Structure formats: C-alpha cells, structure tokens
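The residues making up each chain are set out below.
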Amino acid sequence: CRTCGGRRLRPEALAVLFHGLDIAAAGALTIEAIDGLFRGLVFDPAEGPVGEPVRKAVLKRTGLLLRLGLGHLALDREASTLSAGEGRRIRLAAQAGSGLRGVLYVLDEPSAGLHPSESEKLLGVLRDLRDNGNTVLIVEHDDAVIRSADHIVDLGPGPGEEGGRCLFSGPLDEFLALPPGRSLTRDHLSGDLRPPVPSSRRPGKGDITIRGARARNLKDIDVSFKLGAFNVVTGISGAGKSTLVGHVLAARLRDRKYGPGSDAEGVEVGGKIERIIELDQSPIGRTPRSNPATYTGIFDRIRDMFAARPEAVTRGWGKGRFSFNVAGGRCETCQGAGVDQIGMHFLGDV
C-alpha cells in the first residue's frame, strides 16, 4: 500500500512508540528479539501495576515458542508462509500456553515433518501438558514419541480389511516383551525389523544447479541436485527446504523451456527433463466430490468403458454422462455430492 507502506495502520496509531518502536516495527521483530526486549524491561513504580502483568504474559508465551524452536519467526509472519512443522507447533503452543487443566488433547501425528531435534522439544511441551493435569492422546508413528508414552495402544495387524484389531494395550516394557511377528510396530521398535538400506548409490546423469537463491530466508545460496537420482533435502523445520525446492527450483523452471541450455533465470540444467510434476502438501480434494479414484484418473478409464457400451453409444452419451461432476449425468438435487447440504443461519451447515 502506498499510503501505509504495508504497515496496515494509520499514522496516528504508528505515532505511539514503545521503547522507540511503533507497533508495526514491534510486530516485525522475531520472537527471540521480543523475548529479549521484554526481559530487559524495567518499570518505574507508576508503570509497574500495568506493565508487569503484560510482561509476564508475553514472556510466558515467547518462552514456550522458544522451547519449540520457533524463535526465528517474526510476529507478523503470514501463516501461509509457515512450514507444516512450524504451523503445527504454533497451534500446540497456543494450547499449551492457555494453562487449562482436565482437558483431553487429541493430536494426529504432531511430529510429522519435524526434525528429530524438534521432536524432542515437542515431547517436552506434551509432557508439560500432561503434568498440568491433562490427558494427551496421540496418533503417531515416530519411535521416539512411542517410547515416551505412558500407555500404548497398537492397532493392526495391517491396513484396511487387515486392520481394525487391538493388538496391544499397556506400557512400553510389556509391548516390547510381545513375541516377534505379532505386531509390526513392536518388531520395528525392538530392532527385529529394520528398513532395507540400498547396497549401491546412483551417481546421477547430470546436474541441476541453482545460482543465487534468495527467496524468504534463503541467503543467496548456490546448490546442485543430481538428475536421475534420489535427492533428499533435509534440515530442521523452517530452514528453507520447501522454499528452495518449491518456491525457487520449481518456480524458476515452471512454464519455461527446460533442458540443456535452459533459459530459466539462475538455473543451469545439465541433462534432459521431460516435464515437472509437483506433489505438495495441499489437500488432494478440491471439491466435496473428489475421491482417490477421481484424483488418480481411474474413474476416467471406467467412464470410458461405460460410454463404450451399446446402450450409451445408441443414445450418444459421452463419458461425462457418467460423471458426478458434470451436469447431465449427475443427480441435480444434491449436485453430485450424494447428500443434501442445508445451510444454517447461526450454526454450521447440516
């Protein structure tokens, strides 16, 4: 905005200063900097009754965020730019800082996307929630989280029709004492089963080199990837992994000519790339009618088969007649959703 310069407030509000900072400048500070600022505050007798409760409340929250490894985030950072691990830990910090007791917290794979060093910080906060008089129930695969649990429930023995049975319920030492072969989870925790390690590594068939990557927190770096090989970008959450791969490499190559002599700015391709396919963390279903069959294209082949039947050919029906996304074949009462949705004025839709 040309008027406020992106600070979103009127000049009158920005004219109020606190230790030389207006509220927009304070919001641009990192959590670590805000924590240091408030720890160094000294109030005079007149300011103390008002300032000290605020200071304690701020330090309680910043201390929790620092424990979760989020001190590098600016207070005004947009939520859409956070990594999955950062967003998950911020939501957890909001709950942990509430001071509630007697609450049942249900978390679905909170360690997904976290570096092992960050998982230990996460476990520390979860233990605090438990020690404050709450119950923590986690759906998890991470071995460190499982080993930290007071009580384990193992379902299996496999997915789908092979699942749905309780294989064990109890403490860790009893779980590990189960006979081998009864639970895949137990076998991996005990070391009886280990993931296979490749006996050889591919040298690659050329390189992709990025020059001067400077998006978000990337500090003008040069990096290379191997073509025809299995590349892994690793590091703690928020280090810039997704930014490097999704917002630099893919963005620079997308909709450009790629291959030897690529004209993508700052990218050198030392081999042949047929096309780019991105699989990100966004949900696969863009509409309520989406399902795995529509997303993977299986239904397209099935609809082709039905459209080729004599009954369909004689009526001139194409495959769209068998789609619940297209008018003509779908039920128009529910618009192909299979259920009627009733909008409520003051409550959620039914």
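Described below are features of the structure shown in this document. Please read these numbers as outputs of a predicted model, since none were measured by experiment.

Points about the overall build of the protein
So, step 1. Within the protein, the regular secondary structure consists of 13 helices and seven strands.
So, step 2. Taking 350 residues into account, the globule formula puts the C-alpha radius of gyration at 20 Å, and the protein, at 27 Å, lies well above it.
So, step 3. Its C-alpha atoms put the protein at 90 × 60 × 60 Å along the principal axes.
So, step 4. Taking all 350 residues of the protein together, the buried fraction comes to 27%.
So, step 5. Nonlocal contacts in the protein, meaning residues at least 24 apart in sequence, comprise 44% of its contacts between residues at least 6 apart.
So, step 6. Of the roughly 23600 Å² that the protein leaves accessible, carbon and sulfur atoms contribute 56%.
So, step 7. In the protein, the 47 positive side-chain charges and the 43 negative ones have mean positions that sit 4 Å from each other.

Description of the nonpolar core
So, step 1. Counting 19 residues, the largest nonpolar core has L92, V125, L126 and L129 as the members making the most contacts within it.
So, step 2. Counting residues per element, the ones that place at least two in this core are α4 (48–67), α5 (84–96), β1 (104–108) and α6 (116–131).
So, step 3. Looking at this core element by element, the count peaks at five residues for α6.
So, step 4. If near-sequence neighbours (up to four positions away) are discounted, L92 is found in contact with L107, L122, V125, L126 and L129.

What about the packing of aromatic side chains?
So, step 1. Counted according to the given criterion, the structure contains five aromatic pairs.
So, step 2. Centre to centre, the rings of F299 and F324 are 5.8 Å apart; their planes meet at 75°, and the pair counts as edge-to-face. With F299 in helix α12 (residues 298–307) and F324 in the segment after α13 (310–314), this residue pair connects regions lying 25 residues apart in the sequence.
So, step 3. On the accessibility criterion, F324 (24% relative accessible area) is partly exposed.
So, step 4. Sitting over the ring of W317, R315 keeps its end group 5.8 Å from the ring centre.

Some details on the side chain of R330
So, step 1. The residue R330 is located in the segment after α13 in this model.
So, step 2. Among the polar contacts listed, one links the side chain of R330 to the side chain of E332, at a separation of 3.3 Å.
So, step 3. Within polar-contact distance, the side chain of R330 engages the side chain of Q335 at 2.8 Å.
So, step 4. Beyond its immediate stretch of four places on either side in the chain, R330 contacts R289, S323, F324, N325, Q335 and G336.

A few points about the environment of L21
So, step 1. By the secondary structure assignment, L21 is in the loop between α1 (11–14) and α2 (23–27).
So, step 2. What makes L21 partly exposed here is its relative accessible area of 24%.
So, step 3. Separated by 118 residues in the primary sequence, L21 and V139 place their C-alpha atoms 44 Å from one another.
So, step 4. Setting aside its immediate chain neighbours within four residues, L21 contacts V16, A26, L29 and L37.

A short note on the pairing of strand β5 (residues 207–213)
So, step 1. The pairing of β5 with strand β6 (residues 221–226) spans five bridges and is classified as antiparallel. Within β6, the position partnered with I210 by the bridge is V223.
So, step 2. Two strands pair when backbone bridges link them, and β5 and strand β7 (residues 267–269) are joined in this way by three bridges, in the antiparallel orientation. Along β7, the bridge assignment pairs I210 with V267.

Brief notes about the state of the cysteines
So, step 1. One pass over the full model with this rule turns up zero disulfides.
So, step 2. Residue C1 stays outside any disulfide, its sulfur separated by 3.8 Å from that of C4, the closest cysteine.

Some words on a nonpolar patch on the surface
So, step 1. Judged by side-chain polarity, I298, I302, M305, F306, W317 and F322 come together as a nonpolar surface patch covering roughly 530 Å² of accessible area.
So, step 2. Along the chain, the position of F306 falls in helix α12.
So, step 3. Exposure remark for F306: the relative accessible area of 42% places this residue in the partly exposed category.

Quick notes on unusual backbone geometry
So, step 1. In this model, G156 is joined to P157 through a cis peptide bond whose omega is 5°.
So, step 2. Along the chain, the position of P157 falls in the loop between β3 (152–156) and β4 (165–170).
So, step 3. In this model, E109 sits at a positive phi of 50°, which is unusual for a non-glycine residue.
So, step 4. Looking at the secondary structure, you find E109 in the loop between β1 and α6.

Digging into α5
So, step 1. The terminal C-alpha atoms of α5 lie 18 Å apart, and with 13 residues this matches the ideal 18 Å at 1.5 Å per residue to within 8%.
So, step 2. Those residues of α5 hidden inside the fold are in contact with α4, β1 and α6.

Calculation rules
Residues numbered from 1 in each chain as written. Predicted model: local features only at pLDDT ≥ 70, side-chain atom pairs only at ≥ 80, totals over all residues. Heavy atoms only, no water. Helix = DSSP H or I, 4+ residues; strand = E, 2+ residues; numbered from the N terminus. Rg over C-alpha atoms; globule rule 2.2 N^0.38 Å. Buried < 20%, exposed > 50% of the residue type's maximum accessible area, 1.4 Å probe, protein only. Contact = heavy atoms within 4.5 Å. Areas by Shrake-Rupley, 256 points an atom, 1.4 Å probe, with all protein chains shown as cover. Lys, Arg positive; Asp, Glu negative; His and termini not counted. Charge placed at Lys NZ, Arg CZ, Asp CG, Glu CD. Core = buried A, V, L, I, M, F, W, Y, C linked by side-chain atoms within 4.5 Å. Phe/Tyr/Trp six-rings, centres within 6.5 Å; stacked < 30°, edge-to-face > 60°. Lys NZ or Arg CZ within 6 Å of the ring centre and 35° of its normal. Polar contact = N/O pair within 3.5 Å; in protein donor to acceptor, adjacent residues only side chain to side chain. Pairing = 2+ DSSP bridges. Disulfide = S-S within 2.5 Å. Patch = residues over 30% accessible without salt bridge, like charges linked within 9 Å, V, L, I, M, F, W, Y side chains within 5 Å. Salt bridge = Lys/Arg side-chain N within 4 Å of Asp/Glu carboxyl O. Expected span 1.5 Å × (residues − 1).

Interpretation in functional terms is not warranted from these geometric data alone.
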